Structures are given as C-alpha cells and as structure tokens.
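Report on the structure
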Amino acid sequence: MNIKSLPILFLLLLCSGQGLQAQQAASFPIPQNLSQGYPRIYTTSEEKRELEKKLKKEAWAKEVLEGIHRRVDTHVIRHAEDPEWMVSRLQMYWKSKATNVYINGVNYSHADGQAPVPTVRFDGCRNSTTPYGRPKLEDILPYMEDDRGLYLPNNSKEGAPFEWVEIANTGNIISHINNQILSLGKDAAFLYWLEGDERYAKFAFDLFDVYITGMSYRGEPVDLLNGHIQTLVGFTHFQVIHERALETSSVLYDFLHPYISIHHASKIKMYEETLKRWIDQVIKNGVPQNNWNLHQANIIQKAAMVLEDNDQYEDEKGRQYYLNYILNITSARQWSMSKLMDYGYDVNTGIWNECPSYAQSVTTELMRFFVDFDNSFDLNLLPYVPVMEKAVKVFPQYTFPNGQSVAFGDSYYRPVETAPMKDMVRLAQKYKQNDKEAEFTALLKLMEGEENKEKSGRKPRTDLSSLFAQTPLVLNPKYKAGQMEDYISPTFYAPNVSWHAQRIGQGKHGLMASLNGSLGNHMHANGINLELYGKGFVQGADPGRGAGYLDPIYLEYYSQFPAHNTVMVDGVSSYTEMLSNHAFDLVGEYPVSEQKEGYYPNLTYSNVYFLEPETRSDQQRTVGLVKINEVAGYYVDIFRSRKQRKGDKFHDYYYHNLGQEMRLMNAKGEALDLTPTEEMGFAGGHLYALDYMWDKKSTRTQEDYQVEWKIEMPEGEEDVMMNLWMQGTEGREVFSIKSPACKAFRGDQNKPYDIAKAPYLTFAARQHGEAWEHPFVSVYEPFTAGVGRQIAAIKSLEDENGNKDFSGLQISLKSGRKDVVMASYEGKVVSVQNKSTDADYALVVEEEHKDWVLFAGNGKLLEAFGFKLSAEVKGNMVLEYKEGHYFLHNTVELVISNNGIEKTFAPAAYRQVTLN
C-alpha cells in the first residue's frame, strides 16, 4: 500500500447526537494522512496498475475476475435494455413508501408514515428459520409490496409451490434478497473502476441510488413490546450484526464514487449522511460483551472508510472518528476493541469466553480484522494485543485425538480454524518477523497436515475481496511442521469457560474426556457435562444446538440437561442457557493444566464440584483416564449428587453415545428385561425436554449392569464399540431411550451413518433418593469389534472403615493386570485389600509380572505393597516400580516408608529415585 500511517493519541471524542456516555481507553494507534481518493477500502487508484499486472500474471486472479463477470454480466447487459428489471426486485415499500417500522419483539408487525420515494423494507423475523425459501431473482415479483405479504416458495411442500406469506413468517429473506442484489451492484462497481465500462456503473448506480435514497427516509424500528429487541435492531434486520447491506453498500459506493462525483455529485451529501446515520445505529444497538461487538466493528470499519475526514462534516464525525471509535471508545453497546479483548480473553490461556465454535470464530474474525486494517493502512495492530499470539496457539488444545474440536454449547465437531494461523504468517512475512513466521508456519502445517501446500494454494472464492485480502499464502519450505505435543497437554483448564480436558495419546487409540460447566456465551444448561472419545470418534458427543436459538426444540431440549451427558436432579435441573454464569470448581487434577513434561504419562484425573442452582444440589464429578497399552485404555467416571436441603426425589444420570445399536445387559452380558415406561416425562412437573425423548423402557436393579453401543462400520472395517459398566445399588432404575438426533457433526467426517437424522441412543440411570452415598460409578471402555475388550471383569469394593460415601472398584484385565480405584471424600481414610488412601482419587496398578503403580490425586496418604506415601499437605503423588527401578513424581513434600526405612522427597518432576 502507498498509504503510510502514523500512530497518534486521540483526545476524548464525544458521541454528539447519540445520547451515549462514551469514555476513551486510548490504546490503539489511529492511521493519519489518509488517502483522499477513491477507492480506499480494498485498494487505491495508485495500486490499480499492480492489480492489472496480477490479473495478467496470476491464473488464480484471472479466474476470480472471470467468476465475477459470469455472475454480473447477464444482468448488466439486460439492464441497458430494461433498467427496471433488477431495480424492481429490491425489497422496498414501493407503494406505501413507509418511513416507520414497528415490531412485536422478534416479529415484524407493520409500517406507516410516507416518504416521497420508496423506502427500504425491514425483515420479517429475528429467527432465520422458515419453511419458505428465497426465490431466484427471476422468480421475484417486480415491485412486490402486497397486503398478503411476500410471494415465496414453500419448501415444506412437494414441488415448493409459491404462496403468499405474511411478513412475520419470512425469516430474513427480505434482507438476504436486498443484499444479494446490492452485491451484484458491488461487483459491477468494481468492474467499472477496473475496466471503465459505464454500463457497469449505470447498473450499480441505479441499485445504490434507489436503495440508499430509500434508506435516507427510514427510521429506527420501534418495538411495540418495548423489550430487549429494541436494543438490538438495525435499519434492515432485527440484529445490527446482520446489517450486511451497510457493508455491501459501502464497498459499492467506494468503487463507484468517481462516477458519482462526475454524474451525481449533488447526491453525495445525502448518501454520506445516510451511511453515517446507519453506522450510528450499529453503534447505538447491539451486545458489547461477545462476538457481536467484533461483527459490528467489522461493519463499521468498512462503512467508515468511504467517509471524508472529520473536518469535512459539521458534526466532525468522519472516518477518523469512527475508526477511533471502534478501536478506543467504549459506549453502552459498542465497546472499544481493547476493552472487548480484555473482557473476552483469558491472558493466561488465550481462551475466548464463548463456546468453542464461537471462540474460534472470534479469534478468526479478529485476525481478519487486523489483516484488513493492515492492508488498508500499513499499520500492524498485533503488537498492541499480545494475547492474540496465545489465542491462536491455543487452538490445538481444543482438539480430540482425531483432530475434531470439542463442541460443548452451541458448537460443532470439525477441525479447528486455520485461517488465523495463516493471517499470523502473512503479517510475520510482511514485517520480516522470521521467528514468528517459523512458529506459526509450524503450527499451520501441523494442523492442516501433509496436504497443507495444496490447501494454502487452493483457489480463492470468486469475490472481489479475494483479489486484495486473500492472495494465496506461500509458505516457506524451510519451516517444518510442528509436533502436536508442543501445543497440547495431558490436562487443560480454561476457567473463563469452565472447561477441563484430559487426554492421553493421539489418533485412533488416543483417549480424551472433556468436562464443561456453563460459563460464558452460547452455553447450555448442562451441569457437569462430559464429552468422551473412543477409537476415532467423539462417541459421547454433545448434541449441538439442534435448531435456531428461538426454536422450541432448542430452548426446551437441545440446550437443557437431558440432552447432555450429565446428572439432572428431580427432573427439574435448569438455568439460563446462552449467556450463562454457572461454573464448576476445579478441585483437583493430574498433571497440572498445561504441564507438558515431567509427569507419569499413563493416567490423568480431574475432580470438579458444581452447585446445581435450580435444586441447590451439590454435584461432584471425578474422571480418570487409564492407559492399558498402546491400543487400549478406559475411563472411570464417578458422579455424586445430592440436594443440600435433603428431600431428594431422584437423580438422573444421562449418557448419549453414537451408534446404530444399544444393548442394556447385566454384568454377565445377558440382556436386561426392559418394559415400556412413561415415568421419565414432563408429567409430574418435570422439564419439557423429557417429552422430546421417546421409546423409553426401564427396569429396576440393584446389581451391576452394562450398556454397549455399536457403530456399525462399512464392510471391510471393524465396528466401533463403547462399553459402559456401572455399579448397581439400592434404589437404581435404568432406562433405554431414543433422543433427538445429534446435530453437532458438520461436513464430510467419514461418518458411517447419517448421525444428524438418526435417533441419539441414550442410556439413563435413575437413583431414587440421594446419589451421594449411592453415586453413579462407571467405567467406559472404547474398543473395536476385531480386537475386543481388554477388561475381563469389574467388581465393586466397600471401604473396610465403613465410609458410605466411598467408591471403589477392582478392574481385572485380560492380561492379568489388576487395577484398584479408590475415591475418598473430604479426606477420610479408606481401606480395601491392604490398600489405604485419603485421596480424592487413587489408582493402584498391579501388573502380572509384579511391576506396579501407586497414584494419589489430591491426597496426603497412600499405602500399598508395603509402601506408605505420606505428606503434610494435599497434593498429587505417583510412585512406579518398573523392571526393578523406582520412579517418582510428587507435587508436595513426600515421605516414603518401606520396611522401616523412611526417605523424604522434595516436590519434583517424574524421575528415577532410590528407596532401599
């Protein structure tokens, strides 16, 4: 770019005419000496020659240009003969020329008032979900304004017949049609600037002029309910973040400005006042504390760029004013970029405070914003936001062993975004930052795999922005791909979203469990929710959002407890979904979050506590991962739940797993005798969610039982299984259930069946009464049909000291190895089979050839095999005996006693020690 920028500090700029109390937090530099010519958003007139060279030299650029021509030329040619054809398909108040729009909350109500020209129509509903489709341009009725509404195809009927539809039932079709048409005008304006053919200018101008002139008379919609929606609405849409027509119109105006200044200069003042008023509306409304703020800033930046300097307007609100606003000014519903990032990012972890899909999207959008800003002004803002490097580098922590991202809340299972990694490389290359280029190239090549070269060089989409901002990235071949172990850790805790991950290994045979509470934006009411991985699939998957945020099935099922792998109390556990404030406390973990070396590698554990607010219940979930060998492992899940005020009716443990088949069996593998039941339903004052589930069957049992899911693979591949063993107890009832489909898987992910259309096979265990002294104690083992299970038998153990809130298991493996799991509570000493501990979670492993492992998580005592490990304060301790040698990892000072000999060990990483 030939525009050079100098950082300056702006004095406080007041928001005149908006009634906003704004305060400045000046932390970003603002570009000075801005170009006075047009265009200026994506490029400048001085750079036109470089673009022309690129179009001649680069095949990909030529293909982009040809694609734009294919999309626009037919319409431009027709417009020369029939200038009304495309204009008449804009969605306007053609007859009424209404100026005032009224809404009833999330639905359109009516419009009144009259302008001297047709005005821009407002959308039908905040919810985009509708059975009606957006018609092809040729099928849109010209000058369509009718008391019957819109004439649209009904996609819910065979053949999609056209029908008249009330506006309130049309979703976002109105704004989508208008933006589609304006986008054609934007393309035509660009082609006029590039090639000089005034036919393109005339086409673009006629669309822009009718639309913006009509917008100049439109007022802010009025919510007749005087509710929250009043703080969200834009001029065309119920949410200011979807005012894409403002962004599109601004780019159109940018390329068309030279034509307008020659042929229609008298209209420039009106156009720019309209754009400014539209920008002010985007600033005035919205939601500042999440991804909305960034989406608004992106829209504002594009629109602000086409304005003149501050001193050209009486109110001194020009492009510097608005650029400074989005970067450094904070008002009620539009925070400065610095405040937004301080609020949203955890500087210690780099995690954004929304569910994984939204969090990755925000980091992607922020990096795109910084790259676009740099492209426009030659001003790199990254040095002012050091958290961005950590925010991009943390992406691998989101991944399961198969590379798919965790997907709690309103998220989807798919590979993590790599666009921000590419943008980091772009900026590092531009500013000759070799270390950063090497670092992020390594990350990018790792996350995109061996095919990275082809991916990085793939064809850009046929949008004019591709010619400027999306030039194919060329990676330096001397920088090699990184290793996953450099970016992930066995445990990872993000307190700002109440998320804890545990993992061992990568690929098909890796293990990973993900726990989340409900803290941050786009979260669900799910208590302590579990996602579980096994044999190449996220088998215990979250269900996704399932539908639009305003749809009943989202509000009543997908966002509620029974849709998740959690425990619900008395059939009523719930709280606010979306922006939620219900986190769990991390009581203990091994190893500590983000520790990448110096730990025992074959186990992890976590212990979390959650206060379920609806019933004021204590809930505690302890999860252990245990590696058996290179291809096998299992999970231990101990879930306790009780009401603080007593009077527990029942506690329901839900677990959903992928598969076409599910079997409930006793400990011997014999089918349980299940009978149809209506016990688990809304009737009785429970959640509506339960009535979305069907084919419910149950039986009561005090004995141990099993559940097995099978993912039937295509011929020639091994079926994938998950076996759940659960401890039986007095007062236990078990259920087989079909639940609404899991909607969280997107794209081609080698799924063996259509997960999004199949019932989600669900197991539920109901504990009548409290579930604290009668907890849900489970062992999950993923395996393939060809290899089979490695666990031969599991039996329950009771504390020899009589503690009723103890949980203990003996897990016998086919290899002859025996594992003993012990879970104490509140530091009580528990004993089984000559083994004692006071740890929250302990694991004693005894190999057939006499090697062993002793592990205590968050404890002070562990005794077994004649060894006593004791500490003054709680901590983690691992002592391994392997092939005649001892290995120790302790996080607190530890005394080890054996055969009358005591040795003291200071806290240290996993290492070989001498005990004799």
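Counting restarts for each chain, with residues numbered from 1 along the sequence as it is written. Under the rules for a predicted model, residues below a pLDDT of 70 receive no local features and side-chain atom pairs below 80 are neither given nor counted, while totals for whole chains, interfaces and linings still include all residues. Computation of side-chain values covers all heavy atoms of the structure but excludes hydrogens and water.

This part takes up the overall build of the chain. Runs of H or I in DSSP of at least four residues are treated as helices and runs of E of at least two as strands, each being numbered from the N terminus. A count of helices and strands for the chain gives 16 helices and 42 strands. For 916 residues, the compact-globule estimate of 2.2 N^0.38 gives 29 Å, and the C-alpha radius of gyration of the chain, at 31 Å, lies within 12% of that figure. Oriented by its inertia axes, the alpha-carbon framework of the chain measures out at about 100 × 60 × 55 Å. The rule is simple: take the accessible area with a 1.4 Å probe, protein chains only, and divide by the maximum for that residue type; under 20% is buried, over 50% is exposed, in between is partly exposed. Every one of the 916 residues in the chain was classed for burial, and the buried ones make up 62%. Within the chain, contacts between residues at least 6 apart in sequence are counted, and of these 67% link residues at least 24 apart. Positive charges are assigned to Lys and Arg, negative charges to Asp and Glu, while His and the chain termini are left out of the count. To locate a charge, take NZ of a lysine, CZ of an arginine, CG of an aspartate or CD of a glutamate. Side chains of the chain give 95 positive and 119 negative charges; the mean places of these two sets differ by 2 Å. Radius of gyration here uses only the C-alpha atoms, and the compact-globule reference equals 2.2 Å multiplied by the residue count raised to the power 0.38. Should any heavy atoms of two residues lie within 4.5 Å, those residues are considered in contact.

Another point: helix 8 (residues 291-305). Spanning 15 residues, helix 8 covers 22 Å between terminal C-alpha atoms, matching the ideal 21 Å at 1.5 Å per step. Within helix 8, 15 of the 15 residues are buried, leaving the element largely enclosed by the surrounding structure. Residues adjacent in sequence count toward polar contacts only when both atoms are side-chain atoms; beyond that, a polar contact is any pair of N or O atoms within 3.5 Å, and within protein one must be able to donate a hydrogen and the other to accept it. Taking the backbone nitrogen of W292 as reference, a side-chain oxygen 2.8 Å away marks N290 as the first, capping residue of helix 8. Expected span of a helix: the number of residues minus one, times 1.5 Å.

This part covers unusual backbone geometry. Cis geometry marks the peptide bond from Y38 to P39, where omega comes out at 0°. Position of P39 among the secondary structure elements: in the loop between strand 1 (23-24) and helix 1 (48-57). The linkage connecting Y590 with the following residue, P591, adopts the cis geometry, with an omega of -15°. Here P591 shows up in the loop between strand 18 (585-590) and strand 19 (603-612). The backbone of E316 sits at a positive phi, close to 60°, despite the residue not being glycine. For E316, the position within the fold is in the loop between helix 8 and helix 9 (319-328). On the accessibility criterion, E316 (55% relative accessible area) is exposed.

Burial analysis of helix 9 places 10 of its 10 residues in the buried class, the great majority of the element. Along helix 9, the residues that are buried comprise R319, Q320, Y321, Y322, L323, N324, Y325, I326, L327 and N328.

Relative to the assigned elements, H849 resides in the loop between strand 36 (841-846) and strand 37 (852-864). Exposure remark for H849: the relative accessible area of 54% places this residue in the exposed category. Taking C-alpha positions, H849 is 8.8 Å from G816, a pair spaced 33 residues apart along the chain.

This brings us to the pairing of strand 27 (residues 720-726). Counting buried residues in strand 27 gives seven out of seven residues, a clear majority hidden from the surface. Burial along strand 27 is two-sided: V720, M722, L724 and M726 facing one way and M721, N723 and W725 facing the other are all buried. Strands are treated as partners if at least two bridges between them are detected by DSSP. Note that strand 26 (residues 705-711) and strand 27 share seven bridges and pair antiparallel. By the bridge assignment for strand 27, Q706 is matched with W725. The pairing of strand 27 with strand 30 (residues 771-784) spans seven bridges and is classified as antiparallel.

Attention now moves to the packing of helix 4 (residues 173-195) against helix 5 (residues 198-215). Under this scheme, a helix contributes an axis fitted over its contacting stretch, all axes are lines through C-alpha atoms, and angles between N-to-C directions fall in the 0 to 180 degree range. Where helix 4 meets helix 5, the axes come as close as 8 Å, and the angle between the chain directions of the two elements is 145°. Crossing geometry of helix 4 relative to helix 5 is assigned as left-handed. Judged by residue contacts, N178, I181, L182, L184, G185, A188, A189, L191 and Y192 of helix 4 engage E198, Y200, A201, F203, A204, L207 and Y211 from helix 5. Amino acids are sorted into nonpolar (Ala, Val, Leu, Ile, Met, Phe, Trp, Tyr, Cys and Pro), charged (Asp, Glu, Lys and Arg) and polar (every other residue, Gly among them). For the contact of helix 4 with helix 5, a count of residues per class yields 13 nonpolar, two polar and one charged. Here is the rule for handedness: rotate from the far helix to the near one, and if that takes an anticlockwise turn smaller than a right angle the crossing is left-handed, while a clockwise turn gives right-handed.

To continue, consider the sheet that holds strand 24 (residues 675-676). Strand order in this open sheet of six strands is 16-22-29-28-25-24, and the pairing throughout is antiparallel. Edge positions in the sheet fall to strand 16 (567-569) and strand 24, since each has one partner strand and no second. Across seven bridges, the pairing between strand 22 (residues 650-656) and strand 29 (residues 760-768) is antiparallel. The partner of H651 across the bridge, within strand 29, is Q767.

With respect to the element layout, K710 can be found in strand 26. For the pair formed by K710 and G659, sequence separation is 51 residues and the distance between their alpha carbons is 5.0 Å. For K710, the contacting residues outside a window of four places in its chain are G659, Q660, E661, D719, V720 and M721.

Let us now look at the environment of L690. By the secondary structure assignment, L690 is in the loop between strand 24 and strand 25 (694-700). On a C-alpha basis, the gap between L690 and M680 in space is 6.4 Å, while along the polypeptide they are 10 residues apart. For L690, the residues in contact, after removing those within four places along its chain, are P562, M568, Y654, M680, G681, F682 and K696.

Time to look at empty space enclosed by the protein. Think of a 1 Å grid over just the protein atoms. A cavity is a set of points where a 1.4 Å probe fits yet cannot get out, a pocket is an open set with protein on both sides within 12 Å along at least five of seven lines, and lining residues have an atom within 4 Å of a point. Grid points are joined across faces, edges and corners, and a volume is the space filled by probe spheres set on the points. Tallying each qualifying case throughout the model produces five cavities of 30 Å³ or more. Looking at the largest cavity, its volume works out to about 120 Å³. Taken together, 10 residues form the lining of the largest cavity, with I41, Y42, D372, N375 and S376 sitting closest to its centre. In terms of residue class, the lining of the largest cavity is built from five nonpolar, three polar and two charged.

Turning next to the pattern of salt bridges. In what follows, salt bridge is the name for a side-chain nitrogen of Lys or Arg lying within 4 Å of a carboxyl oxygen of Asp or Glu. Scanning all chains against the criterion turns up 33 salt bridges. In this structure, the salt-bridge partner of K186 is D463, at a minimum N-O distance of 3.4 Å. In this pair, K186 sits in helix 4 while D463 sits in the loop between helix 15 (452-456) and strand 10 (491-494), placing the two residues 277 residues apart along the sequence. D463 gets classed as buried once you look at its relative accessible area, which sits at 13%. Linking D695 and K738 is a salt bridge whose minimum nitrogen-to-oxygen distance equals 2.5 Å.

This paragraph deals with the sheet that holds strand 12 (residues 511-516). Ordered by their spatial adjacency, five strands build an open sheet running 10-11-12-14-15, and the pairing between neighbours is antiparallel. Of all the strands in the sheet, just strand 10 and strand 15 (537-540) have a single pairing partner and so form its edges. The average angle at which neighbouring strand axes cross in this sheet is 20°, direction not considered. For strand 10 and strand 11 (residues 499-504), the ladder comprises four bridges, and the chain directions are antiparallel.

Glancing now at the side chain of S465. Mapped onto the elements, S465 comes out in the loop between helix 15 and strand 10. You can call S465 buried: its relative accessible area is 9%. Separated by 2.7 Å, the side chains of S465 and D463 make a polar contact.

Don't take any of this as a statement about function, it's just geometry.
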